[in-house]
Amino acid sequence: MFYYLLKYVLLGPVLRLLFRPRTEGLEHVPGEGAAIVAGNHLSFSDHFLMPVVLRRRITFLAKQEYFTGPGVKGRLTAAFFRSAGQIPVDRSGKEAGQAAIREGLGVLGKGELLGIYPEGTRSHDGRLYKGKVGVAVMALKAGVPVVPCAMLGTFEIQPPGQKVPRVKRVRIRFGEPLDFSRYAGMENDKTVLRAVTDEIMYRILELSGQEYVDDYAARVKEAAQAADRPRGLPRFRR
């Protein structure tokens with residue numbers, strides 16, 4: 001209930017007024033039944049702008065940090081994400097990927113839309129990075145189509161580190177659904193999973209026009225941070 005209150009009364013009209021999202025290919029999102037919407041991830045604003053333009057409810061797997069922040073602000077943020085139907089996922093440890101897959105399959109099992117960012121984290125420089133294979137595992141196990149999506153302009157309105165977004169028009173493009181039924185029963189084949197994931201990322205690339213980096217965003221980001229760190233300075237300080 002709160003999801004629709006946010007979308008149609010509290011937050012949605014404000015976002016539409018400020019950012020005037022222009023959509024292309026919205027007809028490619030199935031009107032009913034389970035499906036995955038896989039998009040690039042440029043900004044914190046992506047979580048809110050994509051749902052605003054969709055006719056159906058969409059559930060994202062959100063990082064657990066959004067639900068565990070300290071103080072009043074942390075509790076309010078957690079309450080907001082829970083009320084909006086977003087699912088917390090722990091991205092640390094060996095079981096993190098499996099937990100995310102289980103949660104995602106639960107959403108798809110109910111015939112709903114699941115939103116996924118295959119890059120696994122926001123792009124720190126606006127480029128498109130190599131996708132993680134979890135999206136392929138869920139698509140094959142659930143037997144659902146994958147709709148590629150490209151957010152355009154959200155990096156410019158709210159790049160990493162900027163708390164208040166700039167007011168500027170954004171575009172959201174949806175591509176034709178990708179059918180991977182030819183790989184049914186092959187969700188444990190690593191070669192197949194990589195091929196499916198790469199096909200999804202290629203379609204996102206076609207829609208977004210971004211520069212592509214054949215490496216994981218988190219690894220490139222960590223390397224960049226390490227290079228900027230003064231020599232001899234420890235990574236963590238108590």
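In this text, all values refer to a predicted model and were calculated from it rather than measured experimentally.

**As for the side chain of Gln158**
No. 1: Looking at where Gln158 falls in the secondary structure, it is placed in the loop between helix 7 (154–157) and strand 8 (171–174).
No. 2: The exposure class assigned to Gln158 is buried, which follows from its relative accessible area of 6%.
No. 3: At 3.1 Å, the side chain of Gln158 and the backbone oxygen of Gln162 are in polar contact.
No. 4: Each residue touching Gln158, except ones within four places of it in the same chain, is listed here: Leu42, Ser43, Phe44, Ser45, Lys163 and Pro165.

**Side note on the sheet that holds strand 1 (residues 22–24)**
No. 1: If you trace the seven strands from one edge of the open sheet to the other, you get 1-8-7-2-5-3-4, paired in mixed fashion. The two strands at the open ends of the sheet, each matched to only one other strand, are strand 1 and strand 4 (87–89). Averaged over all neighbouring strand pairs, the angle between strand axes comes to 25 degrees, with direction disregarded.
No. 2: Of the strand pairs in this sheet, strand 2 (residues 35–39) and strand 5 (residues 113–116) are connected by four bridges, and their pairing is parallel. Within strand 5, the position partnered with Ile36 by the bridge is Leu114.
No. 3: In the packing of helix 6 (residues 134–142) onto the sheet, the strands contacted are strand 2, strand 5 and strand 7 (146–152), and the crossing angle to strand 2 comes to about 165 degrees.
No. 4: This element, helix 8 (residues 190–208), spans strand 2, strand 7 and strand 8 of the sheet and lies at about 35 degrees to strand 7.

**Structural notes on the nonpolar core**
No. 1: Ranked by internal contacts, the top residues of the largest apolar core, which has 29 residues, are Val37, Leu49, Met50, Leu54, Ile58 and Phe174.
No. 2: Contributions of two or more residues to this core are made by helix 2 (12–19), strand 2, helix 3 (46–53), strand 3 (58–63), helix 4 (71–83), strand 7 and strand 8.
No. 3: The element contributing the most residues to this core is helix 3, with five residues.
No. 4: Beyond its immediate sequence surroundings of up to four residues, Leu54 is in contact with Lys7, Leu26, Val29, Leu113 and Phe174.
No. 5: Core analysis: the second largest hydrophobic core is formed by 27 residues, Ile36, Ile87, Leu193 and Met201 among them.

**Quick word on the pattern of salt bridges**
No. 1: This structure, assessed with the given rule, holds eight salt bridges.
No. 2: Notably, a salt bridge pairs Arg127 with Glu211, separated by 3.5 Å at the nearest N-O pair. Highlighted residues: Arg127 in the loop between strand 5 and strand 6 (128–129) and Glu211 in the loop between helix 8 and strand 9 (212–213), separated in sequence by 84 residues.
No. 3: With a relative accessible area of 25%, Arg127 lands in the partly exposed category.
No. 4: Put simply, Glu206 and Arg203 hold a salt bridge, and the shortest N to O gap is 3.1 Å. Of this pair, Glu206 and Arg203 both sit in helix 8, three residues apart, which is roughly one turn of that helix.

The rules behind the values
- Residues numbered from 1 in each chain as written.
- Predicted model: local features only at pLDDT ≥ 70, side-chain atom pairs only at ≥ 80, totals over all residues.
- Heavy atoms only, no water.
- Helix = DSSP H or I, 4+ residues; strand = E, 2+ residues; numbered from the N terminus.
- Buried < 20%, exposed > 50% of the residue type's maximum accessible area, 1.4 Å probe, protein only.
- Polar contact = N/O pair within 3.5 Å; in protein donor to acceptor, adjacent residues only side chain to side chain.
- Contact = heavy atoms within 4.5 Å.
- Pairing = 2+ DSSP bridges.
- Axes fitted to C-alpha atoms, helices over the stretch in contact; angles between N-to-C directions.
- Core = buried A, V, L, I, M, F, W, Y, C linked by side-chain atoms within 4.5 Å.
- Salt bridge = Lys/Arg side-chain N within 4 Å of Asp/Glu carboxyl O.

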